[in-house]
Amino acid sequence: MAGRKLFTNQSAYALAVTLQIRHSDNPNNLAGTKQFTLAPSESQWQDYGNDSDIYLNGFKLIASQNGALIAQQDIVVVRGSPLDNQLNMFNAVDFIGENLGYSISTRQV
């Protein structure tokens, strides 16, 4: 079964999200990407990967806010790192707007 997570935009701006999907369990291997958009305060379940590529390797966010284009990319480089654990140990990811950037919070739903 492919990976599946609930993504929530906890900001006042629309987000274009690109997920980076890991091939097997090595963060150096990329299996592909998944793109979607989230309106402000919107939540969506997203399926990604396939039966063997179920881990996320990172994400890229793009938002237009206050006359500026904000782009942020967070990528896992070491398996078991805090970002790796956040993205792959829980089934919900919240994107939280902070000044001119974003952070994530994860939880189990």
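Just so we're clear, the structure is a prediction, and the values are computed from it rather than from any experiment.

Definitions and cut-offs
Residues numbered from 1 in each chain as written. Predicted model: local features only at pLDDT ≥ 70, side-chain atom pairs only at ≥ 80, totals over all residues. Heavy atoms only, no water. Helix = DSSP H or I, 4+ residues; strand = E, 2+ residues; numbered from the N terminus. Buried < 20%, exposed > 50% of the residue type's maximum accessible area, 1.4 Å probe, protein only. Contact = heavy atoms within 4.5 Å. Areas by Shrake-Rupley, 256 points an atom, 1.4 Å probe, with all protein chains shown as cover. Salt bridge = Lys/Arg side-chain N within 4 Å of Asp/Glu carboxyl O.

(A) Layout of the overall build of the protein chain. Check the secondary structure of the protein chain and you find 1 helix and 8 strands. Reading the helices (α) and strands (β) of the protein chain from amino to carboxyl end gives β-β-β-β-β-β-α-β-β. Based on the C-alpha atoms only, the size of the protein chain along its principal axes is roughly 40 × 25 × 20 Å. Classification of the 109 residues of the protein chain by burial places 41% in the buried group. Here the contacts in the protein chain between residues at least 6 apart in sequence split such that 61% fall between residues at least 24 apart. A total accessible area of about 5700 Å² is found for the protein chain, and carbon and sulfur atoms account for 50% of it.

(B) Structural view of the pattern of salt bridges. Under the defined criterion, the tally for this structure stands at 4 salt bridges. With a shortest N-O distance of 2.7 Å, aspartate 84 and arginine 22 are connected by a salt bridge. Highlighted residues: aspartate 84 in helix H1 (residues 82-89) and arginine 22 in strand S2 (residues 15-22), separated in sequence by 62 residues. In this structure, aspartate 25 engages arginine 79 in a salt bridge whose closest nitrogen and oxygen atoms are separated by 3.2 Å. You can see aspartate 25 sitting in the loop between S2 and strand S3 (30-38) and its partner arginine 79 sitting in the loop between strand S6 (68-75) and H1, a full 54 residues away along the chain.

(C) Highlighting unusual backbone geometry. At serine 24, a position not held by glycine, the phi torsion is positive, near 60°. Inspection of the secondary structure assignment puts serine 24 in the loop between S2 and S3. Residue serine 41 is not a glycine yet carries a positive backbone phi of 65°.

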